[in-house]
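Take a look at the letters that make up each chain.
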Amino acid sequence: PPEMRFHAACNEHDLAYAFGGTPADRKSADRQFLKSMKLKSACAPWYKSAYLYPSAYAYYASVRLFGWRYWGKS
């Protein structure tokens, strides 16, 4: 699960989702989530970043596709 690999990024993203807002706000929150996960991946040793980058993009795609169900619901 993303929480294990990207704990801080997930917490920030969850907080943004709890506050909600416009569709543009959601898109911005999701982009920040991806950016945070990519930064974490860049700081990891090469053997971890090899799977962290694809995981980050998979998690980003998941929140873009299914996150609307949780946006603004705390």
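Residues numbered from 1 in each chain as written. Predicted model: local features only at pLDDT ≥ 70, side-chain atom pairs only at ≥ 80, totals over all residues. Heavy atoms only, no water.

Q: Tell me about the pattern of salt bridges, and name the residues and values.
A: Applying the stated criterion across every chain yields a total of two salt bridges. For the salt bridge of Arg26 with Asp30, the shortest nitrogen-to-oxygen distance reads 3.8 Å. You can see Arg26 and its partner Asp30 sitting in helix H3 (residues 23-43), four residues apart, about one turn around the helix. You can call Arg26 buried: its relative accessible area is 10%. You can call Asp30 buried: its relative accessible area is 0%. Here Asp30 and Arg64 are joined by a salt bridge, their closest N and O atoms 2.7 Å apart. (Salt bridge = Lys/Arg side-chain N within 4 Å of Asp/Glu carboxyl O. Helix = DSSP H or I, 4+ residues; strand = E, 2+ residues; numbered from the N terminus. Buried < 20%, exposed > 50% of the residue type's maximum accessible area, 1.4 Å probe, protein only.)

Don't take any of this as a statement about function, it's just geometry.
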